[in-house]
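# Structural description and commentary
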Amino acid sequence: MGYNVAIDGPAGAGKSTIAKLVAEKKGYIYVDTGAMYRGLAIHFLDRGIKAEETDKVIEACKDAEVQICYENGTQQVYLNGVNITGRLRDEAVGRMTSQCSVIPRVREKLLDLQREIARTQDVIMDGRDIGTCVLPNADVKIYLTASVETRARRRFDELTAKGESCDFDEIARDIKERDARDMNRETAPLKKAEDAVLVDSSDMTIEEVVQRISQLCR
Ligand code: DC
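Just so it is clear, the structure is predicted and the values come from calculations on it, not from any experiment.

### Topic: the site of the ligand
- In the vicinity of the ligand lie 16 residues, with Arg38, Arg107, Arg128, Asp129 and Arg185 positioned nearest.
- Within the side chain of Arg38, an N or O atom sits 2.7 Å from an oxygen atom of the ligand.
- The side chain of Asp182 places a nitrogen or oxygen atom 3.3 Å from an oxygen atom of the ligand.
- Out of a free accessible area of 440 Å², the ligand has 96% covered by protein chains.
- Secondary-structure elements contributing two or more residues to the shell around the ligand are helix H2 (33-46), helix H4 (91-100) and helix H8 (168-184).
- Ranked by the residues each element gives to the shell around the ligand, the list is headed by H2, at four residues.
- In the shell around the ligand, the residues fall into two nonpolar, six polar and eight charged.

Here it is as structure tokens:
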């Protein structure tokens, strides 16, 4: 049985940055489950399916095979044998992912894959429902959050640094919308597991958050 650390929280809380650093420090494998959902969303988008066309999404799940592997320690996502890692962070993909991940069939499709990875390996797995649903017996559970303002600022700075033009208010609106969808869906909504440790990173540096979480882990 692997040693399992679950890290859940809303979009932009810094889960992936923190989880990657903790993984490096502790020798765990970092598993980004959002990337798996994004992989499925790309499958739907490439077929011209809209998020509200639930029947088509369910049908298209049948011939989508998502696989992950690690190259130089970095998670790569394959969709039906094609490496689609470079497309995962597109804004359109993020939006589609949040909309499609409310569909139970979509979640079911990825659940076994996530559990199987954690069964045999020491992992830090990030997502929305890891502590509550995917790995309810995880050794450590973290709920990492930050204010909407902080999360929007981080996203704004990230896009601006890449030379992309963006609007702060629009980013904040998008984050609020995504929170509402992730937290209010019927299947596996985003919420803090009862036994998760709450970490609010709004006024913390990356190093402080890594330190805090590392202290809780073996
Ligand atoms: O973590 P992320 O931003 O890559 O996730 C993209 C979307 O995927 C997010 O809006 C909700 C969904 N997601 C989910 O429902 N369950 C997970 N375990 C991970 C992501």
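### Let's talk about helix H5 (residues 104-120)
- The end-to-end C-alpha distance of H5, which contains 17 residues, comes to 26 Å, matching closely the 24 Å that a straight helix rising 1.5 Å per residue would cover.
- At Leu110, H5 shows its maximal bend, which comes to roughly 30°.
- Within the sequence span of H5, burial applies to Val106, Arg107, Leu110, Gln114, Ile117 and Ala118.

### What to know about the nonpolar core
- Residues Phe44, Val106 and Met125 are the most contacted members of the largest nonpolar core, which totals 35 residues.
- For this core, the secondary structure elements donating two or more residues are H2, helix H3 (54-61), strand E3 (66-71), strand E4 (74-79), H4, H5, strand E6 (123-127) and helix H6 (130-134).
- A total of seven residues in this core trace back to one element, the largest contributor, which is H2.
- What Phe44 contacts, discounting residues up to four positions off in sequence, is Ile49, Val57, Ala60, Cys61, Met96, Cys100 and Val106.

About the criteria used
- Residues numbered from 1 in each chain as written.
- Predicted model: local features only at pLDDT ≥ 70, side-chain atom pairs only at ≥ 80, totals over all residues.
- Heavy atoms only, no water.
- Near = heavy atom within 4 Å.
- Polar contact = N/O pair within 3.5 Å; in protein donor to acceptor, adjacent residues only side chain to side chain.
- Areas by Shrake-Rupley, 256 points an atom, 1.4 Å probe, with all protein chains shown as cover.
- Helix = DSSP H or I, 4+ residues; strand = E, 2+ residues; numbered from the N terminus.
- Nonpolar A, V, L, I, M, F, W, Y, C, P; charged D, E, K, R; others polar.
- Expected span 1.5 Å × (residues − 1).
- Bend = angle between axes of the 7 residues up to and from the residue.
- Buried < 20%, exposed > 50% of the residue type's maximum accessible area, 1.4 Å probe, protein only.
- Core = buried A, V, L, I, M, F, W, Y, C linked by side-chain atoms within 4.5 Å.
- Contact = heavy atoms within 4.5 Å.

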